[in-house]
Amino acid sequence: MVSVMQPFMDVESSRSYIDELYSLDPQKCLEAIICLKNSVIGSNRQKGSVIAQGVVPRLLQLLGDSSDRIGDNIRLEAAVTLGSLAKGTDQHVLALIDLGVVPLLFQVILSTPIIETLLEGKPKVTDLLNEACLRCLRTVFQHPAAPVHSIYQDPALVPRLVSLANQSVTCQICVATILTTACKTTEEQSALAKGGAVETLAMQLDSPLPDVQLSALACLANMCYKNYRVCVMVASATTSNTPQGRLVPVALGQLMGREKSSLIQLEAARCVTYMHRTGVLLYKDPRIIYRALPCLVRLCHRDHPPRERVAAAETLAFLTEVNTELQRLASISNHLIPTLAELLRPHPHVQDATLTQDMRQAAFRAFASLGANDEDIRKRIIETESLMEQVVAGLQDPGGSHVRLAAVRCLHSLSRSVQQLRTTFQDHVVWRPLMQLLHGADKGLEGRGESEVDLLTVASSTLCNLLLEFSPSKEPILESGGIELLCSLTKRCTPALRLNGIWALMNVAFQAEQQVKLQILQCLGTDQIFCLLADQDIPVLMKTLGLLRNLLSTKAHIDRIMGEHAAHVMQAVILVLEDPRHPADVKEQALCILANVADGNRAKDHIMANEDVLKKLMDYMMHSNVKLQVAAVFCVCNLVWREEPGAAQRQARLKELGFYRILQQLRHSKDLQLFDKVRTAMAQFYDA
């Protein structure tokens, strides 16, 4: 409700018409409402006083009374007055919401007949009443606390609103704006489409009035966002039922022309962008390459208002996010990279801190998309003046997680460059703020918002790249508690976090010192390894097996690790090989782990002493999948290698079990890789 309200201006002189609001005389009541309406227009102080005096419930009562005793004129003035009160402060709007203005407005709209005929050239009072209710709803729905979802509680409401959009210009704008604010989820998009919104909004694109076009475009854009079915409907809709009607994509292409206002261009570009990302418009479509992309690049420039620049950069980031050709075209268009860099720098004329953050977030997101795939684009981004300093500062932005997340996304794209990992990333010591961010986000993550999980996910993906073997950042990251952090990520509920944790550990283990490998095993623990091997997420399972392969490399390391963990390693391999649900790629990794174990000096004995493992090797040598046969034969080749101690005894044992006989059968394979492995293995046998 309202915490503090100013006293009503001239209370004594106004008291009479306040009292007459409750009069049973319709004429006196009407005159009182008109006086009240005139007193609050343009004055937030007066609005606050009226609300504080408890007048709103009476206005709601009058608006909701459809009896002949009250009359439509009183209801109309009540609706207009409520609409004026809604144009006050956030406090005033919250007060109206708390008092139930939204469901009442919906009730009035549903119960008031739509009359299209004019009386002496003027609209009926009922038409004006509908219009006044829509104006009030439009204003209330701009508030973030408005119950916009309630529009879907009555299945008749959306069709009624859509039908009202065929009335006056004000109704067209109000309905489109209301529907735009109530269109945030897939279910809401589909409900609007089912209610006939697409066809009605499409026809408004041919309106001669820019305000009507703009509100229709904004609603269509929200409806199209990540919704393939709605995009198909929009792509096939026409702007009128006459032969002159154009398909909506054709109209959108024309609405992105320079002669249109920048806001209309922007909303049309949003529609086209979202239709492209769902696959309804291909990237080679002229409306993408020659209209939307140049339009968005143009709207990022400094001669447009900051809010428009932000929206254009965000939309451009989404348009180019996954398409290498669009990334390349955008990066060479109209000095885009330095233009985006301007959004990261201080703007003295922008006093709004939230807007400043939005500008930085939009620029980081656009850079993240542009640099996602192309090394040359990454190089040009990184070489932009003070860009890396801005990225590092963005990782530590105190204003909120959204800027930090965008900065990490940008850093993640740039970290895909091998050259930059070795040079620029080391020069700017980006690993330090990244680790600080990761440690901060990791503490108490459970129960936090989705953005915090996203932040940790992207940051840990970036860390995976910084931990590659050739990266100079690898050693200081490990010295800063990197292994402990990564092991904790493998225990998260979110599959992406588990994947990033185990993936990064796999990178750490590659060609690592023995002490680092032992630290990973000790910190992760065999119980957690078994949990990860039982993970339902196949990528997590694959990276866990990849970690074991990297741990079990180099003869001395293999012997040391198997000396301490042989039982667990062999059990893990058997579990994977025996599970019929696992695809061939997973089982191939398990067989490669066995091949690594067989490469050890003493570790071979753990395979030779395990009847289950030997039986599995024979089975996979005869498997129908050639990749699995190759992996199994490679393991056998390591076991029988004649230059290593005990080779004769191992060969005899394997011959006795029938391994040599299977190799003889495989000599006739037509697969060149398998044939080569078989020939190499057979050549190792002394008495072959």
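Residues numbered from 1 in each chain as written. Predicted model: local features only at pLDDT ≥ 70, side-chain atom pairs only at ≥ 80, totals over all residues. Heavy atoms only, no water.

In the nomenclature of an unreviewed UniProt entry, the protein chain corresponds to Armadillo repeat-containing protein 8 from the organism Apis cerana cerana.

## Side note on the overall build of the protein chain
Per the secondary structure count, the protein chain includes 42 helices and 0 strands. In terms of overall dimensions, the protein chain is more spread out than a globule: its C-alpha atoms have a radius of gyration of 34 Å, far above the 26 Å expected for 688 residues. Once the C-alpha set of the protein chain is aligned to its principal axes, its extents read approximately 115 × 55 × 50 Å. Buried residues in the protein chain amount to 56% of all 688 residues. Expressed as a percentage of contacts within the protein chain between residues at least 6 apart in sequence, the contacts between residues at least 24 apart total 69%. If you sum the accessible surface of the protein chain, you get close to 30,000 Å²; carbon and sulfur atoms cover 53% of it. In the protein chain, 69 positive and 71 negative side-chain charges are present, and the distance between their average locations comes to 4 Å. (Helix = DSSP H or I, 4+ residues; strand = E, 2+ residues; numbered from the N terminus. Rg over C-alpha atoms; globule rule 2.2 N^0.38 Å. Buried < 20%, exposed > 50% of the residue type's maximum accessible area, 1.4 Å probe, protein only. Contact = heavy atoms within 4.5 Å. Areas by Shrake-Rupley, 256 points an atom, 1.4 Å probe, with all protein chains shown as cover. Lys, Arg positive; Asp, Glu negative; His and termini not counted. Charge placed at Lys NZ, Arg CZ, Asp CG, Glu CD.)

## Topic: the packing of helix α2 (residues 26-40) against helix α5 (residues 72-86)
The N-to-C vectors of α2 and α5 enclose an angle of 20 degrees; their axes lie 9 Å apart at closest approach. Our classification of the angle between α2 and α5 gives roughly parallel. For the pair α2 and α5, the sense of crossing is left-handed. Here Pro26, Cys29, Leu30, Ile33, Ile34, Leu36, Lys37 and Val40 of α2 come into contact with α5, specifically with Asn73, Ile74, Glu77, Ala78, Val80, Thr81, Ser84 and Leu85. Among the residues forming the contact of α2 with α5, the class breakdown is 11 nonpolar, 3 polar and 2 charged. (Axes fitted to C-alpha atoms, helices over the stretch in contact; angles between N-to-C directions. Parallel < 35°, antiparallel > 145°, perpendicular 65-115°, else oblique. Left-handed = near helix turned anticlockwise from the far one by under 90°. Nonpolar A, V, L, I, M, F, W, Y, C, P; charged D, E, K, R; others polar.)

## Here's the deal with the pattern of salt bridges
A full pass over the atoms with the stated rule returns 30 salt bridges. As a salt-bridge pair, Asp72 and Arg75 come within 3.7 Å of each other at their nearest N and O atoms. Pair noted here: Asp72 and Arg75 are both in helix α5, with a separation of 3 residues, about one helical turn. Asp72 gets classed as partly exposed once you look at its relative accessible area, which sits at 32%. Taking relative accessible area as the criterion, Arg75 reaches 5% and is therefore assigned buried. Here Glu375 makes a salt bridge to Arg378, at a shortest N to O gap of 3.0 Å. (Salt bridge = Lys/Arg side-chain N within 4 Å of Asp/Glu carboxyl O.)

## Brief notes about the nonpolar core
One finds Leu63, Leu82, Val140, Met223, Leu594 and Ile607 to be the most contacted residues of the largest nonpolar core, which totals 240 residues. Counting residues per element, this core draws most heavily on helix α35 (residues 555-578), which supplies 11 residues. Here Ile607 is in contact with Met570, Leu594, Val597, Ala598, Val613, Leu614, Leu617, Cys635 and Leu639, once residues within four sequence places are set aside. (Core = buried A, V, L, I, M, F, W, Y, C linked by side-chain atoms within 4.5 Å.)

## Some points on the domain arrangement of the protein chain
Interface size is often expressed as the accessible area that is lost when the parts come together. Looking at the assigned domains, one finds that the protein chain contains domain 1 (9-112 + 122-145), domain 2 (152-280), domain 3 (290-396), domain 4 (428-551) and domain 5 (553-687). Put simply, the middle of domain 1 and the middle of domain 5, counted by C-alpha atoms, are 83 Å apart. (Domains from an automatic or database assignment.)

## Here's the deal with the packing of helix α7 (residues 101-111) against helix α9 (residues 157-164)
Where α7 contacts α9, the two axes come as close as 10 Å, and the packing angle between them is 65 degrees. The pairing of α7 with α9 is recorded here as roughly perpendicular in orientation. In terms of crossing hand, the pair formed by α7 and α9 is left-handed. Between α7 and α9, the residues in contact are Phe106, Ile109 and Leu110 and Leu157, Arg160, Leu161 and Leu164, respectively. Across the contact of α7 with α9, the residue classes break down as 6 nonpolar, no polar and 1 charged.

## Things to note about the UniProt feature "repeat: HEAT" (unreviewed entry) in the protein chain
Per the UniProt record, "repeat: HEAT" (unreviewed entry) is found at residues 55-95. End C-alpha atoms of residues 55-95 are separated by 12 Å, and the span's content is 73% helix alongside 0% strand. (UniProt positions renumbered as here; feature names shortened; annotations may be inferred.)

## Some words on unusual backbone geometry
Its identity is not glycine, yet Lys226 carries a phi of approximately 55 degrees, on the positive side. Within the secondary structure, Lys226 is located in the loop between α13 (210-224) and α14 (228-236). Given a relative accessible area of 55%, Lys226 falls into the exposed group. Even without a glycine there, the phi angle at Val429 is positive, about 45 degrees. Tracing the backbone shows Val429 in the loop between α26 (424-427) and α27 (431-442).

## Focus on the packing of aromatic side chains
A complete count under the given rule lists 5 aromatic pairs for this structure. An angle of 90 degrees between the planes, with centres 6.1 Å apart, marks the rings of Phe106 and Phe141 as edge-to-face. Separated by 35 residues along the polypeptide, Phe106 in helix α7 and Phe141 in the loop between α8 (125-140) and α9 bring together distant segments of the chain. For Phe106, a relative accessible area of 5% puts it in the buried group. Taking the relative accessible area as the measure of exposure, Phe141 reaches 3% and is therefore buried. Pairing Tyr274 with Phe318 gives two aromatic rings, centres 5.7 Å apart and planes at 75 degrees, and the pair type is edge-to-face. (Phe/Tyr/Trp six-rings, centres within 6.5 Å; stacked < 30°, edge-to-face > 60°.)

## So, the side chain of Glu314
With respect to the secondary-structure elements, Glu314 resides in helix α18 (residues 306-320). A distance of 3.2 Å separates the side chain of Glu314 from the side chain of Gln361, its partner in a polar contact. Those residues within four positions of Glu314 in sequence are excluded, and the remaining contacts are Gln361, Ala362 and Arg365. (Polar contact = N/O pair within 3.5 Å; in protein donor to acceptor, adjacent residues only side chain to side chain.)

## A short note on helix α32 (residues 514-524)
Three or more residues of α32 are buried, namely Val516, Lys517, Leu518, Ile520, Leu521 and Leu524. The inward-facing, buried residues of α32 abut α29 (474-479), α30 (482-489), α31 (495-509), α33 (526-533), α34 (538-551) and α35. In the stretch just after α32, Gly525 is the one whose phi turns positive, near 85 degrees.

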